[in-house]
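Report on the structure
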Amino acid sequence: MRDGFRHLAPEVQLRYKSTAPRPKDEIDFETVLPLPDDGRRHWLAAASRTEHTPHAWLPRLHHGPHP
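All figures in this text were calculated on a predicted structure; none of them were measured in a lab.

1. Here's the deal with the packing of aromatic side chains
- Inspection of the entire model under this criterion finds one aromatic pair.
- Residues Phe29 and Trp57 carry aromatic rings whose centres are separated by 4.2 Å and whose planes lie at 10 degrees to one another, so their mutual orientation is stacked. One end of the pair, Phe29, is in helix 2 (residues 23-32); the other, Trp57, is in the loop between helix 3 (38-48) and helix 4 (58-63), and 28 residues separate them in sequence.
- Residue classification places Phe29 among the buried residues on the basis of a relative accessible area of 0%.

2. Examining the packing of helix 1 (residues 10-18) against helix 2
- Closest axis-to-axis distance for the helix 1/helix 2 pair is 10 Å, and the angle between their directions is 155 degrees. Here helix 2 runs roughly antiparallel to helix 1, going by the angle between their axes. The handedness of the crossing between helix 1 and helix 2 comes out as left-handed. Touching Pro10, Leu14 and Lys17 of helix 1 are Lys24, Asp25, Asp28, Phe29 and Val32, all from helix 2.
- Here the residues of the contact of helix 1 with helix 2 are counted per class, giving four nonpolar, no polar and four charged.

3. Examining the pattern of salt bridges
- Across all of its chains, the model carries seven salt bridges by this definition.
- Here Asp25 and Arg22 are joined by a salt bridge, their closest N and O atoms 3.0 Å apart.
- For Asp25, a relative accessible area of 1% gives the class buried.
- Linking Arg60 and Glu26 is a salt bridge whose minimum nitrogen-to-oxygen distance equals 3.2 Å. With a gap of 34 residues between them, Arg60 in helix 4 and Glu26 in helix 2 connect regions that are remote in the sequence.

4. Remarks on the nonpolar core
- With nine residues, the main nonpolar core is built from Leu14, Phe29, Val32, Leu33, Leu44, Ala45, Trp57, Leu58 and Leu61.
- Of all the elements in the fold, those that place two or more residues in this core are helix 2, helix 3 and helix 4.
- Excluding residues within four positions of it along the chain, Trp57 makes contact with Leu14, Lys17, Ser18, Pro21, Asp25, Glu26 and Phe29.

5. Points about the confidence of the model for the protein
- Overall, the prediction assigns the protein a mean pLDDT of 84, with 88% of residues at 70 or greater.
- Across the protein, the element-wise mean pLDDT spans from 81 in helix 4 up to 94 in helix 2.

What counts, and at which threshold
- Residues numbered from 1 in each chain as written.
- Predicted model: local features only at pLDDT ≥ 70, side-chain atom pairs only at ≥ 80, totals over all residues.
- Heavy atoms only, no water.
- Phe/Tyr/Trp six-rings, centres within 6.5 Å; stacked < 30°, edge-to-face > 60°.
- Helix = DSSP H or I, 4+ residues; strand = E, 2+ residues; numbered from the N terminus.
- Buried < 20%, exposed > 50% of the residue type's maximum accessible area, 1.4 Å probe, protein only.
- Axes fitted to C-alpha atoms, helices over the stretch in contact; angles between N-to-C directions.
- Parallel < 35°, antiparallel > 145°, perpendicular 65-115°, else oblique.
- Left-handed = near helix turned anticlockwise from the far one by under 90°.
- Contact = heavy atoms within 4.5 Å.
- Nonpolar A, V, L, I, M, F, W, Y, C, P; charged D, E, K, R; others polar.
- Salt bridge = Lys/Arg side-chain N within 4 Å of Asp/Glu carboxyl O.
- Core = buried A, V, L, I, M, F, W, Y, C linked by side-chain atoms within 4.5 Å.
- pLDDT = per-residue confidence, 0-100.

Okay, here's the thing in structure tokens:
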């Protein structure tokens, strides 16, 4: 907790957003994509694979922008 507010890790928030992504969630995904380290990207990819269909974000998690 910082500033008196609880914060979710960005990859956890994206996981929630990935269940039914809206255009705003796509923008959030693209904005956050360069930030997580490999471990956090791996977690989000693994969590996204729990869906019954392949998630559109998976290829970008593996091949998207990464500093």
